Amino acid sequence: MPKAYRFTRSKELLRQARRWFANGTMGTRSPLFPEYPTYFQRAKGCRMWDVDGNEYLAMSMGVGPLVLGYCHPAVDDAIRRQLADGITFSLMHPLEVEVAERIRALVPNAEAVRFSKTGADVT
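Residues numbered from 1 in each chain as written. Predicted model: local features only at pLDDT ≥ 70, side-chain atom pairs only at ≥ 80, totals over all residues. Heavy atoms only, no water.

J.: Please explain the overall build of the chain as it appears in this structure.
T.: The helix and strand tally for the chain stands at 5 helices and 3 strands. Starting at the N terminus and ending at the C terminus, the chain contains elements arranged as α-β-β-β-α-α-α-α. Split into buried and exposed, the 123 residues of the chain put 18% on the buried side. Accessible surface, the chain: about 10,400 Å² in total, of which carbon and sulfur atoms supply 60%. (Helix = DSSP H or I, 4+ residues; strand = E, 2+ residues; numbered from the N terminus. Buried < 20%, exposed > 50% of the residue type's maximum accessible area, 1.4 Å probe, protein only. Areas by Shrake-Rupley, 256 points an atom, 1.4 Å probe, with all protein chains shown as cover.)

J.: Is there a simple way to explain the packing of aromatic side chains in this structure?
T.: Ring pairs (aromatic) are described by centroid distance and by the angle formed between their planes. Per the counting criterion, the structure on display carries 3 aromatic pairs. Relative to Y56, the ring of F40 has its centre 5.2 Å away and its plane inclined at 75°; by these criteria the two rings are edge-to-face. Separated by 16 residues along the polypeptide, F40 in strand β1 (residues 40-44) and Y56 in strand β3 (residues 55-57) bring together distant segments of the chain. The class for F40 is partly exposed, based on a relative accessible area of 33%. (Phe/Tyr/Trp six-rings, centres within 6.5 Å; stacked < 30°, edge-to-face > 60°.)

J.: Any chance you could explain the sheet that holds β1 here in plain terms?
T.: Each strand in a sheet pairs with another by means of backbone hydrogen bonds, the pair being arranged parallel or else antiparallel. Spatially, β1-β2-β3 is the arrangement adopted by the 3 strands of the open sheet, whose pairing is antiparallel. The open sheet has two free edges, formed respectively by β1 and β3, since each of these has just one partner strand. Across this sheet, the average inter-strand angle for adjacent strands is 25°, counted without regard to direction. The pairing of strand β2 (residues 47-50) with β3 spans 3 bridges and is antiparallel. (Pairing = 2+ DSSP bridges. Axes fitted to C-alpha atoms, helices over the stretch in contact; angles between N-to-C directions.)

J.: Whenever I open this one, the pattern of salt bridges confuses me. Can you help?
T.: Any two side chains of opposite charge can pair, so long as their charged atoms come close to each other. Taken as a whole and judged by the stated rule, the model has 4 salt bridges. E12 is the partner of R15 in a salt bridge, and the nearest nitrogen-oxygen pair spans 2.7 Å. Placement of both R15 and E12 in helix α1 (residues 8-17) is noted, with a separation of 3 residues, approximately one turn of the helix. Two residues, D77 and R80, come together in a salt bridge whose shortest N-O distance is 3.1 Å. (Salt bridge = Lys/Arg side-chain N within 4 Å of Asp/Glu carboxyl O.)

J.: Got a minute to help me understand the pairing of β1 in this structure?
T.: One face of the sheet, then the other: side chains in a regular strand alternate in exactly this way. As paired elements, β1 and β2 share 4 bridges and run antiparallel to each other. Of the residues in β2, the one forming a bridge with K44 is R47. Hairpin connection, β1 to β2: the antiparallel pair is bridged by 2 residues, and G45 has positive phi, about 60°.

J.: Any chance you could explain unusual backbone geometry here in plain terms?
T.: Among all residues save glycine, negative phi is the norm, and among peptide bonds the norm is trans. Even without being glycine, C71 reaches a positive phi, approximately 55°. The topology assignment puts C71 in the loop between α2 (65-68) and α3 (73-85). Residue C71 is classed as partly exposed on the basis of its relative accessible area of 35%.

Dropping the structure here:
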């Protein structure tokens, strides 16, 4: 018999969030199943755990986890190394050039590269 999922903490967070956010969420994110409000606490590989300890198989993974899964060791190590130098700069960083060159090598017909935070920005 499957485990009965409980959403006590998640429902409390949704109640609090509805005071501040439209539909209780930030941006375009919305609960996967409105009758089961879920706030995720952690993820690894293709698994996610919500604030109530329920475990899920991640089927709607974000852009980064889509390829390698959550908490991929090589990605997490690179993030930790970069955190030591800082992560938000108002001017250019050498990594931008390195990544642009790699993209250009992978996409030979790309004439230029532009970085953006969201899909809406680039479309």
